[in-house]
Amino acid sequence: MSASYSLLYEASKVSFLYRLGDTEIQALESVSCEIKQGERISLSGPSGSGKSTLLNLLGLIEDVQAGSLRFMGREVSKLKEREKNRLRKFELGFIFQSFHLFPVLSAEENVEYFLIKQGLNSKQRKQRVKEALESVQLWEHRQKKPLEMSGGQRQRIAIARAIAKKPQVILADEPTASLDQGTGKEIMSFLKSLNEKEGTTLIVCSHDPMVQGYCNRHIQLKDGRLG
Amino acid sequence: MIFKLALRNLTRSPRRTFAALMTIALGSGSLCIFNGFNHGIMNQYKQNTIHARYGHGQIHEKNYRNQVYEKPWDHWISDWREMARELKQIPHVNHVFPRVQFFSLLTNGKVTVSGKAQGVDGKEESQFFNTLNIEQGVNLSDQRDGILLGQGLARSLDLKVGDRVTLLTNTVYGSMNAADLTVVGIFHTGQKEFDDNLFRIPLDQALRLLDTQKVESIALGLDSDHAWSEVAQAILSRWPNLDAIPFEVLDRVYYQNSVDWLKSQFAMIRIIILTIVILGIFNTVSTSLLDRKQELGNLRANGDSSQDVLRLLLCEGLVLGLLGGALGIMGSLVIQKWILGHGILMPPAPGLTRQFHVFIEIEPEMIITAFTLGAIASFLATFFAAYQLSKAPIAASLRSV
């Protein structure tokens, strides 16, 4: 599938404030940007710059407090929770630093879990699970539980779980932070090829220059503003 | 998959799961044992009441028990011999006991006391009323001049087996009548009030003393404790002018009040046990869920609604409850059969003067109740622990450490 580069996200003057007791922290301030389908974007900046907050807003897991954010042409702040759940279920895939796999399920079952939630039948699920695990080269390890795998293998399971959903966007929050440099490169290389082959938009939040090297566009944040 | 995940999640922390399972098992098992113990006590009471005094029920002329008559014998049953024959034809009726009761004086020549006489068919009654403890001598059978005295009464008159005693009473026509009788036995039922006043003489002797051919009541002994309503229905359709009163009404003070009292007590204990189980599970589940906050955040980030997350956790709670409940029931059955199989020796119950053995009698409905309550307790505890967490903002859940 080739990338169509149609507009996926439109953020206009988005601000976000954390309240911790009496303390207020301005995580984002008047951030505006556009993200097109098929782009490979790195969100970077020092700790506390607001990159994770922006990633959360793009992943619809944090509510927009001020400004406007449109996803696939729809104003996010006007979406009902049910619609946001649907978008998260079908259009968004997440990869986290600490994987968040189910330790009691096998690799295969971990990948299959969200496909059940998508309402796919057994045959479709098996097909997608196989494709996803083969693409991360873990099909042979499908019966293993996460705790029986290395960190790199676990992250690849998390990637397989995200791509099996066939989302429009994959949002990765520090996907290589828990991995050694070699495994991190392997993971980023795989995500890059996925983006190139499938046209899946990739948004990676990281302060690792290696990660940024795999992206074709960089959004730099500093003190909640675009750098 | 949700059920599979719920089941496997129980293996995450074996120690926590074990603690939760034991909490539920103890709760369910305790409910089952306590209910079985109560049932055992009530059954002892019931058997004592049926086989010491009342039979499964009694027949009187209509409203006889509710009225005080100047001449009660005018309201006694006259054609009782024919009736007794017909009563024995009714299914479940094994024994028919015609009886008269009247007050009289007993004298040993030195001391005179009043007592309550029961004229009974001694031979027939001795087969059924087997919880009447014969302390000395023998039970009243077919001894024409025999008298069986309550323990307290015998003591008051300083009588022992073989002694003679004179009974003085009025006939139904008002004239005095008397009989010289021989003490054949001394009994105690365990109920002091009963043992201090009552004595038994043969029915024929009682009818002669009263100069009547009527009986006051007919007690019945059935082949099953549960057949009374069927028998009563048959009696009332054949003799609509009679009342058929079950033993629990006849002995409302001791039996039915005890049943009601123990039921209330059980309801209270049930609430206490449920509360303990809910708090115990709540604590265990809360701790366990805090460790899984990020994972639950991930579920929601991938499109699960808070209800989906809650459903998963409730499913886990339910599985835990069902397993814990089953363990508790199995444990209580083991205790019932092997550990307390010989019963528990209890001190005299209220109104009784003798010890008795209580057996844990676990009925199917008790198992269902204890099992269901264990599952409900676990479900509720999980709900209280999981509700807030399922509603937590996704980003906050993912950020938590």
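Residues numbered from 1 in each chain as written. Chains lettered and ligands numbered in written order. Predicted model: local features only at pLDDT ≥ 70, side-chain atom pairs only at ≥ 80, totals over all residues.

1. Here's the deal with the overall build of chain B
Each helix and strand in chain B was counted, giving 14 helices and 12 strands. Relative to a compact globule of 401 residues, whose C-alpha radius of gyration would be 21 Å, chain B shows 31 Å and is clearly more extended. Overall, chain B is about 100 × 45 × 30 Å in size when its C-alpha atoms are taken along their principal axes. Residues classed as buried in chain B amount to 43% of the 401 residues present. Considering only contacts in chain B between residues 6 or more positions apart, those separated by 24 or more positions represent 81%. (Helix = DSSP H or I, 4+ residues; strand = E, 2+ residues; numbered from the N terminus. Rg over C-alpha atoms; globule rule 2.2 N^0.38 Å. Buried ≥ 20, exposed ≤ 12 C-beta atoms within 10 Å, placed from the backbone. Contact = placed C-beta atoms within 7 Å.)

2. Let's talk about the interface of chain A and chain B
Taken together, the contacts link 20 residues of chain A with 16 residues of chain B. Those elements that provide at least two residues to the side of chain A that touches chain B are helix H2 (81-90), strand E6 (92-96) and helix H3 (107-117) of chain A. Across the side of chain A that touches chain B, the residue classes break down as 10 nonpolar, 5 polar and 5 charged. (Nonpolar A, V, L, I, M, F, W, Y, C, P; charged D, E, K, R; others polar.)

3. Topic: the sheet that holds strand E5 (residues 74-75) of chain A
Residues and elements named next belong to chain A. A sheet is described by the order of its strands in space; here 4 strands give the open sequence E2-E1-E4-E5, paired in antiparallel fashion. Either end of the sheet is taken by a strand with one partner, and the two such strands are strand E2 (23-36) and E5. Two strands pair when backbone bridges link them, and strand E1 (residues 7-20) and strand E4 (residues 66-71) are joined in this way by 5 bridges, in the antiparallel orientation. Looking at the pairing, Glu10 lines up with Arg70 of E4. (Pairing = 2+ DSSP bridges.)

4. Description of the sheet that holds E6(A)
All names here are of chain A. Pairing is mixed across the open sheet formed by 6 strands, whose spatial order is E6-E7-E8-E3-E9-E10. Every other strand in the sheet has two partners, leaving E6 and strand E10 (225-226) as the edge strands with one partner each. Inspection of the sheet shows E6 paired to strand E7 (residues 169-173) by 5 bridges, in the parallel sense. Pairing of Ile95 across the sheet is with Ala172, part of E7.

5. Remarks on the pairing of strand E9 (residues 217-222) of chain A
Residues and elements named next belong to chain A. Bridge count between strand E3 (residues 40-44) and E9: 4 bridges; the pairing is parallel. By the bridge assignment for E9, Leu43 is matched with Ile219. Pairing geometry for E9 and E10, over 2 bridges, is antiparallel. For Lys222, the partnering residue across the bridge sits in E10 and is Arg225. In this structure, the hairpin formed by E9 and E10 is closed by a connection of 2 residues, where Asp223 is found at a positive phi of approximately 50°.

6. A few points about helix H7 (residues 203-210) of chain B
Residues and elements named next belong to chain B. Every buried residue of H7 is listed here: Leu203, Gln205, Ala206, Leu209 and Leu210. Take H7 and look down its axis: the buried residues cluster within an arc of 160°, on one side only. Against strand E2 (93-107), strand E3 (112-120), strand E6 (164-170), strand E7 (176-188) and strand E8 (198-202) lie the buried residues of H7. The first or second residue beyond H7 is Asp211, which carries a positive phi of 60°. (Arc of directions from axis to C-beta.)

7. Notes on the domain arrangement of chain B
Each assigned domain of chain B is listed with its residue range as follows: domain 1 (2-49 + 255-399) and domain 2 (63-239). Using only C-alpha atoms to locate each centre, domain 1 of chain B and domain 2 of chain B end up separated by 50 Å. (Domains from an automatic or database assignment.)

8. Section: the packing of helix H12 (residues 306-339) of chain B against helix H13 (residues 364-391) of chain B
Residue and element names in this part refer to chain B. It is the contact of H12 with H13, at a shortest axis distance of 7 Å, that shows an interaxial angle of 150°. Compared by their axis directions, H12 and H13 come out roughly antiparallel. Crossing geometry of H12 relative to H13 is assigned as right-handed. In terms of residue class, the contact of H12 with H13 is made up of 19 nonpolar, 10 polar and 2 charged. (Axes fitted to C-alpha atoms, helices over the stretch in contact; angles between N-to-C directions. Parallel < 35°, antiparallel > 145°, perpendicular 65-115°, else oblique. Left-handed = near helix turned anticlockwise from the far one by under 90°.)

9. Topic: the environment of A:Ser49
Here A:Ser49 lies in the loop between E3 and helix H1 (51-58). Each C-alpha atom of the pair A:Ser49 and A:Leu101 lies 27 Å from the other, and the pair is 52 residues apart in sequence.

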